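Understanding the architecture of this molecule
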Amino acid sequence: MAARKQEKGTAKAAASASATPVMLQHAAAKAAHPDCIVFFRLGDFYEMFGDDAGLCASELGLTLTSRNKGKPDEIPMAGVPHHAAHGYIARLLARGHKVAICEQLADPATVRGIVPRDVVRVITPGTWTDADQVGERENSWLCSVVVPQKVADGIGLALLDLTTAELLVAQLADSSELMAEVSRAAPRELLLEVEDEDTRSTEVELLRAALGEVARGVPVRSVPSRGVPSGDEAGVDLSESESEDLAGLPRDGTPRWARRAAARALAYARACYKEREFPVWRLGQLRASAVLGIDRSAASHLELVSSSSDDPSACLLSVIDHTCSPAGARLLRRRLLAPLVDVAAIRRRQDQVQALLEAGSIRRELRDHLAEVGDLERVVVRVSLGEANPRDLGILRRGLLAAERIALALGTLDAASRDVLALPPSSELSADLAEHLSRALVERPQAQPKDTPTFLSTYDAELTRLSELRNSGSERMVALESDLRQRTGIASLRVRFTRVFGWYVEVSRSQQGKVPTAWRRKQTVAGGERFTLPELDDLAAEILGAEEQYRVREQELLGALLLEVASRAQHIHHLAAWLAGIDVALSLAHVATELGYVRPVVDDSDELVIQDGRHPLVERRAGLGRFVPNDVTLSVREQHLWIISGPNMAGKSTFLRQVALIVILAQMGAYVPAAAAHVGIVDRVLSRVGASDNLAGGESTFMVEMRETAAILRGATSRSLVILDEVGRGTSTYDGLSIAWAVAEHLDQVVRCRTLFATHYHELTELPQSSATAANMCVSAREHEGAVVFLHRVVPGAASRSYGIEVARLAGLSELVLSRARSLLATFEGRAPARGLASAGQSLQLDLFSPSAPDPASTELRTILSELDVDRLTGIEALQLLARMKGLLRG
Ligand code: ADP
Ligand code: MG
């Protein structure tokens, strides 16, 4: 608040002290946008004044100067060239600032007196549509959250992407659902409205902190809970939509808080656009029950779209993303983060991949065409926003032509495939618009044409006439030149043109004497003198006039063409969405052939059967064919809990993750890295990775671990897939073991969901003895020439108890230490409470290393050690004992 007051104060000070008309304009702009840095257009610069100037000087490293220096109304000033402004604005936004653009509303050349100026646009991270600043392969969401007085009513969420004209809304049950959606969307900016803020400040602070953490580095702006436009006032009917990706919109309206959040987002964006209309062509309601829930820790631990390792591209998305267009890339990312649970919808996507797989040879051709599509979706939105330039029209033309070729190529497929791929009828391809654009535009229209034309002169009769005029003018100039040479007898005389001086006659110094006195001297240069004469001036005016008219005509034509495109924009938007879907299916088909993925059977059963499954990322790292594939067979009714043991580095975590990744891929409609797979729909993938395996997160406290475990137990249903990797590490052995046991038992007996539980607690391998639905598995290793060789094979049975010690032996720990370790192990086992938990039956232990006959020395050492009471041993005694043991070893 203090900052705001101060800014207002400054604006007032500027108004009174610098009462020039221009500074009054600035003061008005600042007063209307006290929370923004005002970029005030003065000629070719944007200038910042007062506190804004100081702020920009420090944030952007600009030189701080001042206006009206030395006078009483002196004010700090800093500026940036207008053509370079976007880079500076991007940096200010990245630091959480908002920028108000105050433009000159008329051409200074045509205005008498002061140029009118006003704020035309407020730029914020979530509402910026600049093509060069918005990441191509991700959506750019503005997120709005409304927390009602009674949170139990549901939290309202809206996601608005102005660059793609999309609005998604949701009403979420609790803050964890909210966090999941927000982290999935990774918004650029967050609006938070809290009803009744005063009475619930701690809760709100917690929520705000959580949001800040989920959307790291993103500004969270509080919206006062007053004067809220109602959902209807927002001018959007939320009951209509047709996109399959929006998980089915309800026809009977949208919940209240979701509507309010949408209204908030729209109102905020409209204010940024100074109430100008912007399109919303795709509306959707997000429903948690329509997608496979992937909790936040699972998404990061499974490295779906980002990686915690040194290589940020080491994520699943990077393996499967072979899309050729930005819209395709965005769609693929969204599908990966929100797989479906509806079998029919999943199969439709699989069918598309399959149709393209079977299309064989045309895939290459399709990919080439798709690469030509460009960002059709965003270009057409820019046209509607009035932000398109001639280069955008060029992109549009290329995209539409490519769309036609794609439809043509797909049209050669059999009827079933064409059906599956939902080929648009040719009338919907906007072929006539593409033809129109081809007829109109030059080869490469420029974003900001100065001297280069945008249109072919053959496009328009007026353009043709003007260009002929211009050309004939040039010809007449050539004729005039030779005429002047003849008249004056100066053979070296030249008629030339420069931007600065216009047309002139140049005569070398030695020929000066022959110049008629009626010519006017214009300029002296090294080689001679430059003159002008009435004949030349008239002709020059004619040529320049033609050029000026040409430019004006081009502007008119551009306006008309943009209008025509705008009238079809929504239609092109649909086409773009279809192309994105084709791109995604093609990418997945490409991955399937290149990496040997198969189509999984997806149904409503409760099975999870994977034959020779692989981990997409570890496989890529290992190299094709070097990865050891593994099976999994879980079924809710029969066996649904696997306790997986094995030494460090055996491959437990890899196995767990690959199973989850295969489920996610299957439900997003992709093929999977396996020989065969059968996935009964999973409603949630929940995972928890023990502290030691999650060091990158930097939060290895027991509290965090338990909070996440609790969330898993709360969130899991019998349809969930739970992945627990070394849970219980964050605390003392017995606490950890007891918790791990209780959690496993609960999942097995109460939740009864498909669960993979990797553990280093050997005691846990006794759990299956008392449960028919749990089984022990272990990741095998063997000894080879004194070294451990990890086979990475998941086989039935529990890993040997002495596994760790055996590995330590192979690692070169001395026999003395090892035997001490063995005896300690025996002691601990004697005390282990876990013993009592399991039935005393035959345990399924699988000895990894065939027991070798113990040598006498070690037997004796073992005896010594096992009888030893370490707590009572003095230093001297210990040394003596050590000497004795050493003697024993020497024999
Ligand atoms: P654990 O969790 O048992 O300690 P990890 O799953 O982290 O073991 O695996 C350790 C390393 O072993 C992996 O980084 C990978 O290089 C390799 N690895 C794991 N599983 C396989 C496999 N199935 N085939 C090939 N290499 C594997
Ligand atoms: Mg591990």
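Scroll up to find the structure this text is about.
Residues numbered from 1 in each chain as written. Chains lettered and ligands numbered in written order. Predicted model: local features only at pLDDT ≥ 70, side-chain atom pairs only at ≥ 80, totals over all residues. Heavy atoms only, no water.

Overview of the overall build of the protein
A count of helical and extended segments in the protein gives 28 helices and 27 strands. Considering the protein as a whole, with its 891 residues, one finds that 51% of them fall into the buried category. Considering only contacts within the protein whose residues lie at least 6 apart along the sequence, 70% involve residues at least 24 apart. A total accessible area of about 40,300 Å² is found for the protein, and carbon and sulfur atoms account for 53% of it. (Helix = DSSP H or I, 4+ residues; strand = E, 2+ residues; numbered from the N terminus. Buried < 20%, exposed > 50% of the residue type's maximum accessible area, 1.4 Å probe, protein only. Contact = heavy atoms within 4.5 Å. Areas by Shrake-Rupley, 256 points an atom, 1.4 Å probe, with all protein chains shown as cover.)

A few points about helix α13 (residues 376-385)
Most of α13 sits out of view: nine of its ten residues are buried. The set of residues buried in α13 consists of L376, E377, R378, V379, V380, V381, R382, V383 and L385. Where α13 terminates, the next one or two residues include G386, which has phi positive at roughly 75 degrees.

So, the side chain of K98
Of note, K98 is situated in the loop between α4 (85-94) and β5 (99-104). Polar side-chain contacts of K98 include one of 3.0 Å to the side chain of D35. Once residues within four sequence positions are removed from consideration, K98 is found in contact with D35, C36, I37, L93, I123, T124, R221 and Y268. (Polar contact = N/O pair within 3.5 Å; in protein donor to acceptor, adjacent residues only side chain to side chain.)

What about the site of ligand 1?
The full set of residues close to ligand 1 is V618, F627, V628, P647, N648, M649, A650, G651, K652, S653, T654 and H792. Between an oxygen atom of ligand 1 and a side-chain N or O atom of T654, the distance comes to 2.6 Å. A distance of 3.5 Å separates a nitrogen atom of ligand 1 from a polar atom in the side chain of H792. If ligand 1 stood free it would expose 560 Å²; the protein chains cover 79% of that surface. Examining the composition of the shell around ligand 1, we find that three residues originate from one element, helix α21 (residues 652-668), more than from any other. Across the shell around ligand 1, the residue classes break down as six nonpolar, five polar and one charged. (Near = heavy atom within 4 Å. Nonpolar A, V, L, I, M, F, W, Y, C, P; charged D, E, K, R; others polar.)

A closer look at the packing of helix α12 (residues 362-373) against helix α19 (residues 569-595)
Taken N-terminus to C-terminus, the directions of α12 and α19 make an angle of 135 degrees; their axes are 11 Å apart at the nearest point. Classed by the angle they form, the pair α12 and α19 counts as oblique. In the packing of α12 onto α19, the handedness of the crossing is left-handed. The segment α12 lies against α19, with R363, L366, R367, L370 and V373 engaging L579, I582, D583, L586, A589, H590 and T593. For the contact of α12 with α19, the class distribution of residues is seven nonpolar, two polar and three charged. (Axes fitted to C-alpha atoms, helices over the stretch in contact; angles between N-to-C directions. Parallel < 35°, antiparallel > 145°, perpendicular 65-115°, else oblique. Left-handed = near helix turned anticlockwise from the far one by under 90°.)

Section: the sheet that holds strand β17 (residues 528-532)
With antiparallel pairing, four strands are arranged side by side in an open sheet as β14-β15-β17-β16. Edge positions in the open sheet fall to β14 (494-498) and β16 (520-525), since each of these has one partner strand only. Taking each pair of neighbouring strands and ignoring which way they run, the sheet shows an average axis angle of 40 degrees. Those strands touched by helix α17 (residues 461-488) are β14 and β15 (502-508), and its axis lies near 140 degrees from that of β14. Sheet strands touched by helix α18 (residues 534-567): β14, β15, β16 and β17. Its angle to β15, the strand with the most contacts, is close to 140 degrees. (Pairing = 2+ DSSP bridges.)

Considerations on the sheet that holds strand β22 (residues 676-680)
Spatial strand order, β18-β22-β19-β20: four strands in an open sheet with mixed pairing. Lying at the two open borders of the sheet, with one neighbouring strand each, are β18 (601-603) and β20 (630-635). Across the sheet, the axes of successive neighbouring strands diverge by a mean angle of 10 degrees, strand direction being ignored. Note that strand β19 (residues 607-613) and β20 share five bridges and pair antiparallel. From the neighbouring strand, E607 faces β20, where its bridge partner is S635. Where α21 meets the sheet, it contacts β18, β19, β20 and β22, and its direction lies at approximately 110 degrees from that of β19.

Some remarks on the pairing of strand β4 (residues 75-81)
Bridging between strand β2 (residues 45-49) and β4 involves five bridges; their strand directions are antiparallel. For F49, the partnering residue across the bridge sits in β4 and is M77. Here strand β3 (residues 65-67) runs beside β4; their pairing, made up of three bridges, is antiparallel. Bridging from a neighbouring strand, T65 pairs with M77 of β4.

Comments concerning the state of the cysteines
Summed over the entire model, instances satisfying the criterion amount to zero disulfides. C272 supplies the cysteine sulfur nearest to C36, a cysteine that is in no disulfide, at a spacing of 7.6 Å. (Disulfide = S-S within 2.5 Å.)

Focus: the packing of helix α11 (residues 343-358) against α19
Where α11 meets α19, the axes come as close as 8 Å, and the angle between the chain directions of the two elements is 65 degrees. Remark: the crossing between α11 and α19 carries right-handed chirality. Contacts between α11 and α19 involve Q352, V353, L356 and L357 from the first element and G581, I582, A585, L586, L588, A589, A592 and T593 from the second. Here the residues of the contact of α11 with α19 are counted per class, giving nine nonpolar, three polar and no charged.

Here's the deal with the packing of aromatic side chains
Throughout the structure, instances matching the rule amount to seven aromatic pairs. The interplanar angle of 55 degrees and the centroid separation of 5.8 Å between the aromatic rings of Y273 and F278 together place this pair among those described as tilted. Owing to a relative accessible area of 1%, Y273 belongs among the buried residues under this scheme. The ring of Y46 has R41 sitting right over it, with the charged end atom 5.4 Å from the ring centre. We note R470 situated over the ring of Y550; from NZ or CZ to the ring centre the distance is 4.6 Å. (Phe/Tyr/Trp six-rings, centres within 6.5 Å; stacked < 30°, edge-to-face > 60°. Lys NZ or Arg CZ within 6 Å of the ring centre and 35° of its normal.)

Notes on the pattern of salt bridges
Evaluation of the coordinates by the stated rule reveals 40 salt bridges. E138 is paired through a salt bridge with R333; the nearest N and O atoms lie 3.6 Å apart. In this pair, E138 is assigned in the loop between β6 (117-123) and β7 (142-147) and R333 in helix α10 (residues 326-337), connecting sequence segments 195 residues apart. R439 is paired through a salt bridge with E435; the nearest N and O atoms lie 3.1 Å apart. Taken together, the residues R439 and E435, both in helix α16 (residues 431-440) and four residues apart, mark about one turn of the helix. Given a relative accessible area of 41%, E435 falls into the partly exposed group. (Salt bridge = Lys/Arg side-chain N within 4 Å of Asp/Glu carboxyl O.)

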